[in-house]
There are 2 protein chains.
Amino acid sequence: MKSKPPIDFWCDFISPYGYLASLRIDALAARHGREVRWHPMLLGISVLKVMGLKPIMETPLKQDYVPREIGRYLRLYGLQLQRALGAAPMNPLPAARAFAWLLRHDAAHARGFAHQVYDRYWRHGEDLSESAALADAARGAGIAAQTMALATGAEGAALLRAEVDAAISSGVFGSPFFIVDGEPFFGVDKLELIEHWLEEGGW
Amino acid sequence: MKSKPPIDFWCDFISPYGYLASLRIDALAARHGREVRWHPMLLGISVLKVMGLKPIMETPLKQDYVPREIGRYLRLYGLQLQRALGAAPMNPLPAARAFAWLLRHDAAHARGFAHQVYDRYWRHGEDLSESAALADAARGAGIAAQTMALATGAEGAALLRAEVDAAISSGVFGSPFFIVDGEPFFGVDKLELIEHWLEEGGW
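Values in this document were obtained by computation on a predicted structure and should not be read as measured data.

(A) Structural context of the relation of the copies chain B and chain A. Superposing chain B onto chain A requires a rotation of 180 degrees together with a translation of 0.0 Å along the rotation axis, leaving an RMSD of 0.0 Å. Overall, the copies show the geometry of a two-fold rotation axis. The share of interface residues of chain B whose copies in chain A are also at the interface is 100%, consistent with both copies meeting through the same surface.

Here is the structure:
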């Protein structure tokens, strides 16, 4: 029997919306017999450079709306964050490079690593741009410090650049972003529509 | 018995997302014993001037995404549009001024007028920046041409300015935008969350 095509999911660790989606997408896909292929992306490239927009938390009106919306999602999901939404984001490159490297060379640990990064960054407020903190997060996912030294290096950087280029070519501009059966879905608020799409076999 | 507070709903006629929401918000609210207070807003003020962003259909990547997303909603809703999404929008001011005037002076006809404008603009592809076409739309909602001459004049312009200022002060930046029990919700993709909010009495 031909298996159903996977769902592609793009995340930037500095997006709280990406974090929220990361907690739900795998179970959602599994309910419909789908796998999820996770990908790193960089909002700093897509939103700032390609689209020519401002960071969301520096955009008038939107910067006041986002904490209200995230606050509602957190209450709905029963979550609390130690990281303030208005705080300057960490440098996402070390974590994103390592994630790109793990996806290629150690796929069994890659998703666990992404969950660790999201959890420590958002829920515990840790700064994972420091290599010691990032190595701690990796250890939490069963990845050795030696592996991380390799993963955050030049090859990880090249793999991340390739992922970011591929994301832009696929029309991916935000996080979370999903492509399901060739259809692009942007935003955590699309999870219900994705579920509906999977139930109905498209519409 | 104290009645439940109304839902505030902001629309700009040139937004296809606002059009989609306009077709569902009243019935959604009624299912939960709520009234809807409709308001005009202008994306040209909030998005372009206050937020300093580009029009959505002139933003790289996003301009390719929007037709895909709107296409899905149209299939889901069983609708077809004669207006192309990439076409230059009409001047929304005459219709928005008239809507602001009707809300103040002829509330019984205001909502029917808004539905006529949305339907003719999006579904039939008419340009309602011309006063003859706008008067036709108004006639479809039972409003005399004489009333429209008044509604699109200086008082309508002043009432629209006041609505747009009030929208910005309330943090409204896009269309559709909703405020429910003091909580701001942006986007047609929030209708399910609004329904959930009304069912649960907040979360």
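(B) Structural context of the nonpolar core. Counting residues in hydrophobic clusters, the biggest one holds 128 residues, and the most contacted among them are A:Trp38, A:Phe113, A:Phe178, B:Trp38, B:Phe113 and B:Phe178. If we skip the residues at most four places from it in the chain, B:Phe113 touches B:Ala95, B:Ala98, B:Phe99, B:Leu102, B:Leu134, B:Ala138, B:Ala141, B:Ile143 and B:Met148. Residues A:Met51, A:Phe173, A:Ile179 and B:Tyr65 belong to the second largest nonpolar core, which totals twelve residues.

(C) Expanded view of the sheet that holds strand β2 (residues 36-40) of chain A. Residues and elements named next belong to chain A. One open sheet holds the four strands; their spatial order is β2-β1-β3-β4, and the pairing between them is mixed. Each edge of the open sheet is held by one strand with a lone partner, namely β2 and β4 (183-186). Each strand axis lies, on average, 20 degrees off the axis of its neighbour in the sheet, ignoring direction. Note that strand β1 (residues 7-11) and strand β3 (residues 177-180) share three bridges and pair antiparallel.

(D) Seen up close, the side chain of A:Asp12. Residue and element names in this part refer to chain A. On the secondary structure map, Asp12 appears in the loop between β1 and α1 (16-22). A polar atom in the side chain of Asp12 sits 2.9 Å from the backbone nitrogen of Leu43. Not counting chain neighbours up to four residues away, the residues in contact with Asp12 comprise Met41, Leu42, Leu43, Pro92, Tyr118 and Ser175.

(E) Representation of the pairing of β4(A) in the model. Relative to β4(A), β3(A) runs antiparallel, the two being bridged by four bridges. By the bridge assignment for β4(A), A:Val180 is matched with A:Glu183.

(F) Broad picture of the pattern of salt bridges. Applying the stated criterion across every chain, the model contains 30 salt bridges over all chains. A:Asp189 is the partner of B:Lys190 in a salt bridge, and the nearest nitrogen-oxygen pair spans 2.6 Å. Of the two residues, B:Lys190 is situated in the loop between β4 (183-186) and α10 (191-200) and A:Asp189 in the loop between β4 and α10 (191-200); the pairing between them involves two chains. Each member of the pair, B:Lys190 as well as A:Asp189, carries the same accessibility label: buried. Here B:Glu195 and B:Arg31 are joined by a salt bridge, their closest N and O atoms 2.9 Å apart. A residue pair is termed long-range when its members are at least 10 positions apart, and B:Glu195 in helix α10 and B:Arg31 in helix α2 (residues 25-31) qualify at 164 residues. Using a relative accessible area of 16% as the deciding quantity, one classes B:Glu195 as buried. According to the relative accessible area criterion, B:Arg31 is exposed, its value standing at 53%.

(G) Structural view of the sheet that holds strand β2 (residues 36-40) of chain B. Residues and elements named next belong to chain B. The mixed open sheet is built from four strands, whose spatial order is β2-β1-β3-β4. Strands at the two margins of the open sheet, each flanked by one partner only, are β2 and β4. Each strand axis lies, on average, 20 degrees off the axis of its neighbour in the sheet, ignoring direction. One ladder, built from five bridges, connects strand β1 (residues 7-11) with β2; its direction is parallel. Among the inter-strand pairings, Trp10 is bridged to a residue of β2, identified as His39.

(H) The packing of helix α5 (residues 93-105) of chain A against helix α9 (residues 154-169) of chain A, seen in detail. All names here are of chain A. Direction vectors running N to C along α5 and α9 enclose 90 degrees, while the axes themselves pass 8 Å from each other. In this view, α5 runs roughly perpendicular relative to α9, as classed from their interaxial angle. From α5, Leu93, Ala96, Arg97, Ala100, Trp101, Leu103, Arg104 and His105 reach across to α9, where they touch Glu155, Gly156, Ala157, Leu159, Leu160 and Glu163. A class-by-class count of the residues in the contact of α5 with α9 yields eight nonpolar, two polar and four charged.

(I) Expanded view of the interface of chain B and chain A. Chain B puts 32 residues into the contact, and the matching count from chain A is 32 residues. Both sides of the chain B and chain A interface together cover about 3,100 Å² of buried area, and 64% of this is carbon and sulfur. Among the residues of chain B in contact with chain A, B:Leu61, B:Arg72 and B:Trp203 are the three that bury the most area, contributing 23% of the side total. Between chain B and chain A we count ten salt bridges in total. Here A:Glu183 makes a salt bridge to B:Arg68, at a shortest N to O gap of 3.4 Å. Here chain B is connected to chain A by 16 residue pairs in polar contact (both at pLDDT 80 or more). For the side of chain B that touches chain A, the secondary-structure elements that each account for two or more residues are α4 (62-77), β4 and α10 of chain B. Among the elements that take part in the side of chain B that touches chain A, α4(B) stands out by supplying eight residues, more than any other.

About the cut-offs
Residues numbered from 1 in each chain as written. Chains lettered and ligands numbered in written order. Predicted model: local features only at pLDDT ≥ 70, side-chain atom pairs only at ≥ 80, totals over all residues. Heavy atoms only, no water. Least-squares fit on C-alpha atoms with pLDDT ≥ 70 in both. Contact = heavy atoms within 4.5 Å. Core = buried A, V, L, I, M, F, W, Y, C linked by side-chain atoms within 4.5 Å. Buried < 20%, exposed > 50% of the residue type's maximum accessible area, 1.4 Å probe, protein only. Pairing = 2+ DSSP bridges. Helix = DSSP H or I, 4+ residues; strand = E, 2+ residues; numbered from the N terminus. Axes fitted to C-alpha atoms, helices over the stretch in contact; angles between N-to-C directions. Polar contact = N/O pair within 3.5 Å; in protein donor to acceptor, adjacent residues only side chain to side chain. Salt bridge = Lys/Arg side-chain N within 4 Å of Asp/Glu carboxyl O. Parallel < 35°, antiparallel > 145°, perpendicular 65-115°, else oblique. Nonpolar A, V, L, I, M, F, W, Y, C, P; charged D, E, K, R; others polar. Buried area = accessible area lost by both parts, 1.4 Å probe.

Fair warning: the whole summary comes from geometry, so function is off the table for now.
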